[in-house]
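Listed here are the chains, written in short residue letters.
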Amino acid sequence: MPQPRESQIKQYLTKYKNPVTTNGDVMNALRHYRGLQAKLSPFVFDDGTRQELCCLEGTIPVQYKGSTYNIPLCIWLMQQHPLVAPLVFVKPTADMQIKVSKHVDYNGKVYLPYLSDWSQNEGGMGEILTSGSASSDLLGLIQVLVIIFSEAPPVFARPRNARPYPAYTGQQGYPGSEPSYPYPTQPTMPYPVQPPAQPAYPTQYPPYPGAANTPYPAYPSPSQPQPSADGSATIGEEHIRASLLSAVQDKVRRRVRELSSQVQAELDVLSGTERDLQQGKTKLDETVQKLEQEQTALDERLGLLREKNAEMDAAIARMEGEEQMDIDEAVITTAPLYKQLLQTFAEENATQDAIYHLGESLGQHGIDLDVFLKQVRTLSRRQFMLRATMQKCRQRAGLSG
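The structure displayed is predicted, hence computed values, not measured ones.

### A short note on the pattern of salt bridges
Opposite charge on two side chains makes pairing possible when the charged atoms of those side chains draw close. Enumeration over the complete set of coordinates arrives at eight salt bridges. With a shortest N-O distance of 3.2 Å, Glu 57 and Lys 39 are connected by a salt bridge. Of this pair, Glu 57 sits in strand S2 (residues 50–64) while Lys 39 sits in strand S1 (residues 36–44), and the two are 18 residues apart along the sequence. Glu 57 gets classed as buried once you look at its relative accessible area, which sits at 3%. Between Glu 347 and Arg 382 there is a salt bridge, with the nearest N and O atoms lying 2.6 Å from each other. A residue pair is termed long-range when its members are at least 10 positions apart, and Glu 347 in helix H8 (residues 336–363) and Arg 382 in helix H9 (residues 369–397) qualify at 35 residues.

### Describing the layout of surface pockets
Taken as a whole, the largest pocket encloses approximately 370 Å³ of empty space. In this structure, the largest pocket is lined by 16 residues; those nearest its centre are Pro 113, Tyr 114, Val 144, Ser 243 and Ala 247. Contributions of two or more residues to the lining of the largest pocket are made by helix H3 (113–116), helix H5 (138–151) and helix H6 (237–321). By residue class, the composition of the lining of the largest pocket is nine nonpolar, three polar and four charged.

### Digging into H9
The end-to-end C-alpha distance of H9 is 41 Å, a good match for the 42 Å that 29 residues give at a rise of 1.5 Å each. Of the positions making up H9, those classed as buried are Phe 372, Val 376, Leu 379, Gln 383, Leu 386, Met 390 and Cys 393. On the buried face of H9, the contacting elements are H8. A positive backbone phi angle near 75° is found at Gly 398, which sits one or two residues after H9.

### Notes on the packing of aromatic side chains
All told, the structure shown has three aromatic pairs when counted by the stated rule. For the ring pair Phe 43 and Phe 45, a centre distance of 4.8 Å and an interplane angle of 70° mean the geometry is edge-to-face. Under the relative-accessibility criterion, Phe 43 is labelled buried at 2%. Three or more aromatic residues joined by ring pairs make a cluster, and in this case those are Phe 43, Phe 45 and Trp 76.

### A few points about the confidence of the model for the protein chain
On average, residues of the protein chain carry a pLDDT of 78, and 74% of them reach 70 or more. Here residues 122–133 is modelled with pLDDT under 50, and outside its nearest four sequence neighbours on either side it reaches 21 contacts, counting other chains as well. For residues 165–233, every residue scores under 50 in pLDDT, and the model assigns this stretch 162 contacts once sequence neighbours within four places are set aside.

### Quick look at the nonpolar core
Residues Ile 60, Ile 75, Leu 112, Leu 141, Leu 145 and Phe 149 are the most contacted members of the largest nonpolar core, which totals 47 residues. Here the element with the most residues in this core is H5; it accounts for nine residues. Excluding residues within four positions of it along the chain, Leu 145 makes contact with Ile 60, Leu 73, Val 88, Val 110 and Leu 112. If you look at the next biggest cluster of nonpolar residues, it comprises five residues, including Ile 355, Leu 358, Phe 372 and Leu 379.

### A word on the pairing of S2
For S2, a buried count of 11 out of 15 residues is recorded, marking the element as mostly surrounded by other parts of the structure. Bridge analysis of S1 against S2 gives nine bridges, and the strand direction is antiparallel. Within S2, the position partnered with Ser 41 by the bridge is Leu 53. The turn linking S1 back onto S2 is made up of five residues, and Gly 48 within it adopts a positive phi angle of 90°. Across 11 bridges, the pairing between S2 and strand S3 (residues 67–77) is antiparallel. Residue pairing across strands places Gln 63 opposite Thr 68, the latter belonging to S3. Connecting S2 to the next strand, S3, in antiparallel fashion are two residues, including Lys 65 with a positive phi near 55°.

### Topic: the sheet that holds S1
The four strands are arranged S1-S2-S3-S4 in an open sheet whose pairing can be described as antiparallel. Looking at which strands have only one partner, the edges of the open sheet turn out to be S1 and strand S4 (87–90). Taken pair by pair, the neighbouring strands of this sheet meet at an average axis angle of 35°, ignoring direction. This element, helix H2 (residues 19–32), spans S1, S2 and S3 of the sheet and lies at about 130° to S1. Along the sheet face, H5 touches S1, S2, S3 and S4 and points at about 45° away from the line of S2.

### With respect to H5
Here H5 contains 14 residues, and its C-alpha end-to-end distance of 20 Å stays within 8% of the 20 Å for a straight helix at 1.5 Å per residue. Most of H5 sits inside the fold, with 11 of its 14 residues counted as buried. Within the sequence span of H5, burial applies to Leu 138, Leu 139, Gly 140, Leu 141, Ile 142, Gln 143, Val 144, Leu 145, Val 146, Ile 148 and Phe 149.

### Quick notes on a nonpolar patch on the surface
A grouping of Val 248, Val 252 and Val 256 is seen on the molecular surface, where their side chains present a nonpolar patch of about 250 Å² in accessible area. Mapped onto the elements, Val 252 comes out in helix H6. Owing to a relative accessible area of 46%, Val 252 belongs among the partly exposed residues under this scheme.

Conventions adopted
- Residues numbered from 1 in each chain as written.
- Predicted model: local features only at pLDDT ≥ 70, side-chain atom pairs only at ≥ 80, totals over all residues.
- Heavy atoms only, no water.
- Salt bridge = Lys/Arg side-chain N within 4 Å of Asp/Glu carboxyl O.
- Helix = DSSP H or I, 4+ residues; strand = E, 2+ residues; numbered from the N terminus.
- Buried < 20%, exposed > 50% of the residue type's maximum accessible area, 1.4 Å probe, protein only.
- 1 Å grid on protein atoms, 1.4 Å probe; cavity = no way out; pocket = protein on both sides within 12 Å on 5 of 7 lines; lining within 4 Å.
- Points joined across faces, edges and corners; volume = space filled by probe spheres on them.
- Nonpolar A, V, L, I, M, F, W, Y, C, P; charged D, E, K, R; others polar.
- Expected span 1.5 Å × (residues − 1).
- Contact = heavy atoms within 4.5 Å.
- Phe/Tyr/Trp six-rings, centres within 6.5 Å; stacked < 30°, edge-to-face > 60°.
- pLDDT = per-residue confidence, 0-100.
- Core = buried A, V, L, I, M, F, W, Y, C linked by side-chain atoms within 4.5 Å.
- Pairing = 2+ DSSP bridges.
- Axes fitted to C-alpha atoms, helices over the stretch in contact; angles between N-to-C directions.
- Patch = residues over 30% accessible without salt bridge, like charges linked within 9 Å, V, L, I, M, F, W, Y side chains within 5 Å.
- Areas by Shrake-Rupley, 256 points an atom, 1.4 Å probe, with all protein chains shown as cover.

And the structure:
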């Protein structure tokens with residue numbers, strides 16, 4: 001099957017957020033790995049939603065124990081590519097079985113630090129090689145897959161008496177429009193049976209259609225050039241160094257972010273404590289200021305009390321040195337008006353006392369009710385006249401009423 005043209009791939013990416021960048025990333029990967037082909041297929045997510053996504057489907061060459069094998073896989077590009085990591089699935093044929101490992105699960109989904117730590121810079125893989133800055137792209141992903149699969153192959157040959165591997169029929173994570181894997185079911189070479197101790201890696205699959213009669217060369221030594229003239233992908237020391245450098249940089253960045261978050265949390269706690277202390281200090285300052293004001297007022301009142309106490313002591317000392325005072329002379333008024341006011345006041349109080357004692361006598365049955373009412377009426381009339389006289393005297397003398 002011929003490779004789709006670049007214009008056709010651009011049509012696949014019309015719904016993507018970054019079609020230009022994604023198209024360049026896809027074309028760069030296809031130029032180095034001719035066993036892959038770009039296509040548009042429906043993808044079913046875990047929540048049941050479907051999207052038309054572009055995927056790179058086919059085989060990649062992997063060298064294992066001196067031989068080169070074609071590993072079938074499918075790389076799904078999310079619509080936010082390259083800002084979001086793609087999804088990678090190993091897609092075995094009917095006579096192959098998935099070798100579950102820490103990088104591949106039972107469904108064939110691939111898990112790699114390169115995917116979990118996916119990051120994107122404008123320069124892509126080329127920028128990593130030149131500047132060492134952390135970035136992720138399809139070519140780097142495929143090269144990391146080649147390294148990982150050369151150490152732990154993701155598939156092995158199924159025994160002949162075993163049940164065939166079930167075809168993908170639109171389950172989660174696989175294309176729903178194709179009932180089975182589109183690769184040939186009969187290999188050109190027999191697969192070795194998996195031994196009990198360690199699974200043997202399968203012999204070479206037939207090349208992907210369109211790449212027939214184009215054998216994959218063995219990987220060159222680190223001193224050899226990276227991509228060869230016929231488009232076969234190779235990995236050199238620079239790629240490995242760049243991948244390791246990217247992983248170390250990402251790990252350092254994560255550690256720095258963790259430490260920064262921890263320090264920021266501690267600073268937030270300390271800032272809250274500082275605010276509480278500042279509020280407490282303000283309240284204490286207000287309380288101290290209020291206490292100082294009360295202390296000043298108390299000092300003033302204490303000084304006034306001491307002055308009055310001194311005056312009282314002086315008056316007592318002066319009175320002790322004088323002759324005996326006649327009480328009657330002490331209350332003699334200086335004017336007739338004041339004398340009348342004093343006498344009226346005394347008589348009014350006496351009338352009030354008389355009314356009180358009459359009430360007490362009535363309560364004790366000392367007098368009759370008729371006598372009580374008659375005397376109280378007389379005294380009350382007298383008391384009214386006395387109070388009216390006192391009011392006039394106060395007004396005449398200019399005293400407060």
